[in-house]
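Observations on the three-dimensional arrangement
In case you want the letters, here they are:
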There are 6 protein chains.
Amino acid sequence: MSRRRILVVNPNSNEAVTRGLDEALRPLAFADGPEIVCRTLAEGPYGIESQADVDGVAMPLRRLVEAEDADAFVIACYSDPGLHVCREGTARPVFGIAECGVLTALARADRFGVIAIRQKSIRRHLRYLRQMGLMDRLAGERPLEMSVAQTASGEGTLDRMIAVGRELKEIDGAEAIVMGCAGMARHRRSLEEALGVPVIDPTQAAVTMALGAVALA
Amino acid sequence: MSRRRILVVNPNSNEAVTRGLDEALRPLAFADGPEIVCRTLAEGPYGIESQADVDGVAMPLRRLVEAEDADAFVIACYSDPGLHVCREGTARPVFGIAECGVLTALARADRFGVIAIRQKSIRRHLRYLRQMGLMDRLAGERPLEMSVAQTASGEGTLDRMIAVGRELKEIDGAEAIVMGCAGMARHRRSLEEALGVPVIDPTQAAVTMALGAVALA
Amino acid sequence: MSRRRILVVNPNSNEAVTRGLDEALRPLAFADGPEIVCRTLAEGPYGIESQADVDGVAMPLRRLVEAEDADAFVIACYSDPGLHVCREGTARPVFGIAECGVLTALARADRFGVIAIRQKSIRRHLRYLRQMGLMDRLAGERPLEMSVAQTASGEGTLDRMIAVGRELKEIDGAEAIVMGCAGMARHRRSLEEALGVPVIDPTQAAVTMALGAVALA
Amino acid sequence: MSRRRILVVNPNSNEAVTRGLDEALRPLAFADGPEIVCRTLAEGPYGIESQADVDGVAMPLRRLVEAEDADAFVIACYSDPGLHVCREGTARPVFGIAECGVLTALARADRFGVIAIRQKSIRRHLRYLRQMGLMDRLAGERPLEMSVAQTASGEGTLDRMIAVGRELKEIDGAEAIVMGCAGMARHRRSLEEALGVPVIDPTQAAVTMALGAVALA
Amino acid sequence: MSRRRILVVNPNSNEAVTRGLDEALRPLAFADGPEIVCRTLAEGPYGIESQADVDGVAMPLRRLVEAEDADAFVIACYSDPGLHVCREGTARPVFGIAECGVLTALARADRFGVIAIRQKSIRRHLRYLRQMGLMDRLAGERPLEMSVAQTASGEGTLDRMIAVGRELKEIDGAEAIVMGCAGMARHRRSLEEALGVPVIDPTQAAVTMALGAVALA
Amino acid sequence: MSRRRILVVNPNSNEAVTRGLDEALRPLAFADGPEIVCRTLAEGPYGIESQADVDGVAMPLRRLVEAEDADAFVIACYSDPGLHVCREGTARPVFGIAECGVLTALARADRFGVIAIRQKSIRRHLRYLRQMGLMDRLAGERPLEMSVAQTASGEGTLDRMIAVGRELKEIDGAEAIVMGCAGMARHRRSLEEALGVPVIDPTQAAVTMALGAVALA
């Protein structure tokens, strides 16, 4: 019997992000557990920032999910593009990282905060949280107001994340923090240490859930 | 460096339940992953059915959590007894299986149903769901109306679970099912197959989340 | 100055549905008011029934909205496909008929019911209602369980709508009814007469709102 | 057959307000559409500011609605006085401007803000929003803290509205603004232009809905 | 110093109801406690059944509250007519029996049920419960479908109340029952005994709260 | 027949707090009403500040409730420790002061604020308010940030309470204030006078409700 496989799809076409996912997920790749494969969506835009970016990858993701025979899929973008249409297209579990990031935070503490890249994505996130019926436990969401490029490479990213995380914790009352982007994972541990509350990387959270679903299937 | 360890505590004193947990969690024990240890709470009652049973194990659980040096704890009773007091007593993650069971169902489908052992525990579960702020996605909860002993040993348990699960799915609109008890795990796969929707064993769900937290720490 | 124009887009490619819209909207085409133009989306499927149908027309709708210079747009499908991505693409108002249908019902009575074509679309509608934050006033949603073809042509459609509407009113407590489909308009008046409560055709509701927005701009 | 008629009732006895309504509604009076008639409630107080003002006009409004034979009624005060008792007294549609203002904002954007005249009316508005079940989409409500007289005649009114509207948009996250008073209509267009988000005059919103109801009856 | 006084106003003009209140409240009239005086509103209709009945007594109640110098007021009708306008008119506490009945039930059990006189009043009650923000703990509301006259005098009233109460308890899950009318008090004890859960008479609940407010002032 | 009795249990072992309760409740001890007896829980910690303090007194309270034959019980700690387990152990009514304090505030005004002793207890209170389903009417909760000892004896306590109460009223919009601690009663009247809105002492509120339950039994 062949080894089971979790397919993590980066819906943007930035290979550096995919490599970052790969590295962030290594601790979850157990010798006798499912293989974790990260894939770049060829049709994706360079970054997913607008609603058009989100909606434009839904059908390409659906086709990918239908074409691949992984045991579980993870859509690695904090807007969960195409989540429902992908679920419709396969009997295998499909996980969205925004959903899993928030749900995992809720398993750790009562009220959660979210660090967003930019102010304008917060509106989309709030609408999505309302759809998920999870607003009652939101302490707050605050933006870094940095570009994706800056957060990926910039020196000051961690400092800025700590500053925003402290506001979420001290002003808004967050007891756990969700990093609202697929590309922040390498700062997770430092941020958690600085803030003293659980910090959740959403892709790690989703792959953890996928791992359980595949191992127990 | 010693191997990491997830301690799963069965708060009732029924060793057969603990052995059942042990078996149910084997698929999550990876060769190079954390050790998963199941433990019976010596001070626990034979079964946890009343509010006194729930509240009576809170402080014993707290003491156990303070005394043990596991990397994460799982409280394996669907009432999540002592969850907050245990969290207060340790810097390590503490997971409740009811919370994790429901949150994991929410990562798989929009609305979930719960199979309870008995009608009278549903009140307590509803109050807890309201505390968790997750009522908006509850499709319904329905009881087996069997004793814990019956569900553990009885022949007809699976049939009854399928019947109740069908009502949750077809009448209440549940798209995922949570098994509302720590002792139903061995029926999970058959039930999922019969119902055609994801079925979540709450202890497996909690240990999966603990696995992620420990692996990524 | 040229006459103002409301563009009503039927996202499925069934011209008969578009002609039905045209007829249903005639009472709102005032001599000195905006022109109401109904258009079939060339890229649309023959009917919009699945999530793939919904998500598949989002980007084609966006391109249409960007290409046309109407003063307001109405997306005439009860799943409001592409609503947010279309809004992002134009400064002109874009209305979704599901949203407008429900909001118009709320302007007439306290609790509303929805007549759906099929059971399986109810899940999508409920998720959308939760996103809209309007669940608190939902009395219930019930399906006709007829095919779109049947509802379009069938003799018994009105009878079935009356039966379902009565259940919504008498069992669920609905005080206004939303017809959960773009193709039921010709039965609106008869249904309202039979039920004795306001019955809202969602396309008419959306075009009414568009009419106001355009007239007052 | 005689021309259809929408009766807009100003529940205060200030004729200047009624004339303002008349002017604000002119764009909705189509040549072949329903006549829009604005009427001052003789029994009304000079302005509606207190709860006694609100409750004191309920029964006079009921009697007016029973006595007049309009095809639809609009109660033009942002507290929707007498709305339910008027509905009980006639089979014709009765619209409240607060309800319609908010519902129309919800058809344009995800979260709305309200500009109130005074702080003390905000409490009443919040209680009413809770009754309507629409709190989940409220971004915020902020007062001008001007008297009705000042807002009606004052030079600085628009400037103050823009300042308050900016706070609603930038601090509270409102994506559409409802003017929380029947007498602000003449500033709607300038305010919308200044803020760059839809601004809803509630009387115009209610008359638009009435127009649809009458045209489609 | 003169004895303190709680004024209980029966907003209908049926003196028999007022006498019934008087009797029901006797156990709360302590020798050294406030005097409890029941008064019939002269301007009230014979029974309060319609929205016009409710709204028609608001201003008469306001005038009464302004004219009398009681230390606290209780409005003894399960629609809480005029509650807010009365509060505006006096610095003394004003209690509504619907509000106090529900709040008192919530102090006794998690979820409550309401026995209404008639189906049609349930709509008004639900809208009011939503305004109070207390829907989350409502198990259900069911009607006796008897006239006020029947409930006042009829032999079978208690039997019917027990039957409806059992449905609320067993089908809807109510753990406490509110009697949704000012005229049912004499059945409270028998009903409580028959159902085995707390049964709240709303006027007694409101006068209890008034007693506390007056004694502690 | 012996005099009826309300047993008020102070779950901490600080006798000074118990004596304070005794004094605060004197106005509710009517000559021909139930006796009000305050009792210190021998097993209680000196103060209840942590979750362990709360959970540690649950079973001792249960045993006390089972052993005593009072006609009603009041648990006099603002975390309502052991409330549900005590209710399970007796057929007599058991009241929690947090629950009763909030419910009594809701009978007086639309939105309430809470004065907490310390910031860290606010998290527990918010979780409990969510469980009670009463968040929709919370204006805010703010801490004194004083120790229990300071609040009990300190000179500046009232001044600090007035300052915090003003923020709740003026910034958060609270129209009634709940004192979030069993030991603040002697400041209730002065605080109410200074703030101009109802101020609720939670123990007085609970004993008032107990008084009604016992008198009417």
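Per an unreviewed UniProt entry, chain A carries the name Asp/Glu racemase and comes from Salinarimonas soli. As its UniProt record puts it under Sequence similarities (unreviewed entry), chain A is described as follows: "Belongs to the HyuE racemase family."

On to the overall build of chain A, then. Tallying secondary structure elements over chain A gives 10 helices and eight strands in all. Relative to the 2.2 N^0.38 estimate, which gives 17 Å for 217 residues, the radius of gyration of chain A is 16 Å and therefore close to what a compact globule would have. Summarising its shape, the C-alpha atoms of chain A cover approximately 50 × 35 × 35 Å along the three principal directions. Here chain A, with 217 residues, has 68% of them falling under the buried criterion. In chain A, of all internal contacts separated by at least 6 residues, the share reaching a separation of at least 24 is 68%. Total accessible area on chain A stands at roughly 7600 Å², and carbon and sulfur atoms take up 46% of it. Between the averaged position of the 26 positive side-chain charges in chain A and that of its 29 negative side-chain charges there is a distance of 1 Å.

Each side of the interface is counted separately: chain D has 16 residues, and chain E has 16 residues. Both sides of the chain D and chain E interface together cover about 1400 Å² of buried area, and 60% of this is carbon and sulfur. It is Arg127, Arg130 and Gln131 of chain D in chain D that bury the most area against chain E; as a group they hold 34% of the surface buried on that side. Linking chain D with chain E are six residue pairs in polar contact (both at pLDDT 80 or more).

Attention now moves to the arrangement of the chains. Separated throughout, chain A and chain E approach each other most closely at a C-alpha pair spaced 13 Å apart. Nothing in chain C touches chain F; the tightest C-alpha to C-alpha distance between them is still 13 Å.

What follows deals with unusual backbone geometry. Residue and element names in this part refer to chain C. With phi around 45°, Asp80 is a residue other than glycine that occupies positive phi space. Along the chain, Asp80 turns up in the loop between β3 (72-75) and α4 (83-88). Of the residues examined, Asp80 reaches a relative accessible area of 5% and is grouped as buried.

Right, let's talk about the confidence of the model for chain A for a bit. On average, chain A scores 95 in pLDDT, and the residues at 70 or more come to 97%. As a predicted assembly, this complex carries a pTM of 0.97 together with an ipTM value of 0.96.

Residue and element names in this part refer to chain E. Reading across the sheet, the four strands line up as β6-β5-β7-β8 and stay open at both edges, with parallel pairing between neighbours. Each having just a single partner strand, β6 (138-143) and β8 (199-200) make up the two edges of the open sheet. Pairing of strand β5 (residues 112-116) with strand β7 (residues 176-179) involves four bridges; the strand directions are parallel. In the strand pairing of β7, Phe112 is matched with Ala176. Of the strands in this sheet, β5, β7 and β8 are in contact with helix α5 (residues 97-106), which crosses β7 at around 170°. The strands touched by helix α6 (residues 119-132) are β5 and β6; relative to β6, the strand with the most contacts, the crossing angle is about 155°.

When their charged atoms lie close together, side chains carrying opposite charge are able to pair. Residue and element names in this part refer to chain B. Across all of its chains, the model carries 90 salt bridges over all chains by this definition. A salt bridge links Asp172 to Arg142, with the shortest nitrogen-to-oxygen separation between them at 2.7 Å. With a gap of 30 residues between them, Asp172 in the loop between α8 (157-170) and β7 (176-179) and Arg142 in strand β6 (residues 138-143) connect regions that are remote in the sequence. Overall, the relative accessible area of 18% leaves Asp172 in the buried class.

Now for the packing of helix α5 (residues 97-106) of chain D against helix α10 (residues 202-216) of chain D. Residue and element names in this part refer to chain D. Contact pair α5 / α10: the axes reach a minimum separation of 7 Å and the direction vectors enclose 90°. Comparing the axis directions of α5 and α10 gives the class roughly perpendicular. Across the interface between the two elements, Ile97, Cys100, Gly101, Leu103 and Thr104 of α5 pack against Pro202, Thr203, Ala205, Ala206 and Met209 of α10. Of the residues that constitute the contact of α5 with α10, the class distribution is seven nonpolar, three polar and no charged.

Moving on, we come to the packing of aromatic side chains. In this structure the tally under the stated criterion is three aromatic pairs over all chains. Judged by centre distance (5.0 Å) and plane angle (10°), the rings of Phe30 of chain A and Phe30 of chain B are stacked. With Phe30 of chain A in the loop between α1 (15-25) and β2 (35-40) and Phe30 of chain B in the loop between α1 (15-25) and β2 (35-40), this residue pair bridges two chains. Just as Phe30 of chain A is buried, Phe30 of chain B falls in that class too.

Residue and element names in this part refer to chain A. Summarising the element assignment, Val214 is placed in helix α10 (residues 202-216). The exposure class of Val214 is buried, given its relative accessible area of 2%. In sequence terms Val214 and Pro93 are 121 residues apart; their C-alpha atoms lie 8.5 Å from each other. Setting aside chain neighbours within four positions, we find Val214 in contact with Arg4, Ile6, Pro34, Asp71 and Ala72.

Where interface size is quoted, it is often the accessible area lost as the parts come together. Residue-level contacts link 37 residues of chain B with 37 residues of chain A. Taken together, both faces of the contact between chain B and chain A bury some 2900 Å²; the carbon and sulfur share is 61%. Looking only at chain B, the three residues that lose the most surface to chain A are Phe30, Arg108 and Leu216 of chain B, adding up to 22% of its buried area. Scanning the region where chain B abuts chain A turns up two salt bridges. Glu99 of chain A is the salt-bridge partner of Arg137 of chain B, the closest N and O atoms lying 3.8 Å from each other.

This part is about the relation of the copies chain B and chain A. In screw terms, the move from chain B to chain A is a rotation of 180° and a rise of 0.0 Å along the axis, fitting with an RMSD of 0.0 Å. Such a turn and shift between the copies fits a two-fold axis. Proximity to the rotation axis, assessed at the C-alpha, singles out Leu103 of chain B in chain B; its C-alpha lies 2.8 Å from the axis.

Now for the side chain of Asn10 of chain A. All names here are of chain A. Among the structural elements, Asn10 can be located in strand β1 (residues 5-10). A polar contact is formed between the side chain of Asn10 and the side chain of Thr18, at a distance of 2.8 Å. Those residues in contact with Asn10 that lie beyond four places of it in its chain are Val17, Thr18, Leu21, Arg39, Thr40, Leu41 and Ala76.

Successive residues of a regular strand alternate their side chains across the two faces of the sheet. Residue and element names in this part refer to chain B. Of the two faces of strand β3 (residues 72-75), both are covered, the one formed by Ala72 and Val74 as well as the one formed by Phe73 and Ile75. Here β3 runs beside strand β4 (residues 94-96); their pairing, made up of three bridges, is parallel. Looking across to β4, one finds that Phe73 is bridged to Val94. A crossover connection joins β3 to the parallel β4 through helix α4 (residues 83-88); in handedness this β-α-β unit is right-handed.

Our next topic: the domain arrangement of chain A. Residue and element names in this part refer to chain A. One can read the domain layout of chain A as domain 1 (5-96 + 204-216) and domain 2 (99-201). The interface of domain 1 with domain 2 comprises 19 residues on the first partner and 24 residues on the second. The junction of domain 1 with domain 2 conceals about 1700 Å² of combined surface from both sides, 52% of it contributed by carbon and sulfur atoms. It is Glu49, Tyr78 and Gln204 that lose the most area in domain 1 upon contact with domain 2, and together they represent 40% of the buried surface on that side. There are one salt bridge connecting domain 1 and domain 2. When the shortest N-O distance is used, the salt bridge between Arg87 and Glu99 registers 3.2 Å. Put simply, domain 1 and domain 2 have 11 residue pairs in polar contact (both at pLDDT 80 or more) between them. Breaking the side of domain 1 that touches domain 2 down by element, the ones donating at least two residues are α1, α2 (51-56), α4 (83-88), β4 (94-96) and α10. Looking at the side of domain 1 that touches domain 2, the element that brings in the most residues is α10, giving four residues. In terms of residue class, the side of domain 1 that touches domain 2 is made up of 10 nonpolar, six polar and three charged.

All names here are of chain F. Pairing is parallel across the open sheet formed by four strands, whose spatial order is β6-β5-β7-β8. Edge positions in the sheet fall to β6 (138-143) and β8 (199-200), since each has one partner strand and no second. On the sheet, helix α6 (residues 119-132) packs against β5 (112-116) and β6 and is oriented at approximately 155° with respect to β6.

Now for helix α5 (residues 97-106) of chain F. Summarising burial for α5 of chain F: 10 of the 10 residues are buried, a large majority. Listed in full, the buried residues belonging to α5 of chain F are Ile97, Ala98, Glu99, Cys100, Gly101, Val102, Leu103, Thr104, Ala105 and Leu106 of chain F.

Moving on: the packing of helix α10 (residues 202-216) of chain C against α10 of chain D. Running from N to C, α10 of chain C and α10 of chain D cross one another at 130°; their axes reach a closest spacing of 9 Å. As judged from the angle between their axes, α10 of chain C and α10 of chain D are oblique. Considering the relative orientation of α10 of chain C and α10 of chain D, their crossing is right-handed. Where α10 of chain C approaches α10 of chain D, its residues Gln204, Thr208, Met209, Leu211, Gly212 and Leu216 of chain C are matched on the opposing element by Gln204, Thr208, Met209, Leu211, Gly212 and Leu216 of chain D.

Quick notes on the rules
- Residues numbered from 1 in each chain as written.
- Chains lettered and ligands numbered in written order.
- Predicted model: local features only at pLDDT ≥ 70, side-chain atom pairs only at ≥ 80, totals over all residues.
- Heavy atoms only, no water.
- UniProt positions renumbered as here; feature names shortened; annotations may be inferred.
- Helix = DSSP H or I, 4+ residues; strand = E, 2+ residues; numbered from the N terminus.
- Rg over C-alpha atoms; globule rule 2.2 N^0.38 Å.
- Buried < 20%, exposed > 50% of the residue type's maximum accessible area, 1.4 Å probe, protein only.
- Contact = heavy atoms within 4.5 Å.
- Areas by Shrake-Rupley, 256 points an atom, 1.4 Å probe, with all protein chains shown as cover.
- Lys, Arg positive; Asp, Glu negative; His and termini not counted.
- Charge placed at Lys NZ, Arg CZ, Asp CG, Glu CD.
- Buried area = accessible area lost by both parts, 1.4 Å probe.
- Polar contact = N/O pair within 3.5 Å; in protein donor to acceptor, adjacent residues only side chain to side chain.
- pLDDT = per-residue confidence, 0-100.
- Pairing = 2+ DSSP bridges.
- Axes fitted to C-alpha atoms, helices over the stretch in contact; angles between N-to-C directions.
- Salt bridge = Lys/Arg side-chain N within 4 Å of Asp/Glu carboxyl O.
- Parallel < 35°, antiparallel > 145°, perpendicular 65-115°, else oblique.
- Nonpolar A, V, L, I, M, F, W, Y, C, P; charged D, E, K, R; others polar.
- Phe/Tyr/Trp six-rings, centres within 6.5 Å; stacked < 30°, edge-to-face > 60°.
- Least-squares fit on C-alpha atoms with pLDDT ≥ 70 in both.
- Right-handed = clockwise from strand over helix to strand, strands pointing away.
- Domains from an automatic or database assignment.
- Left-handed = near helix turned anticlockwise from the far one by under 90°.

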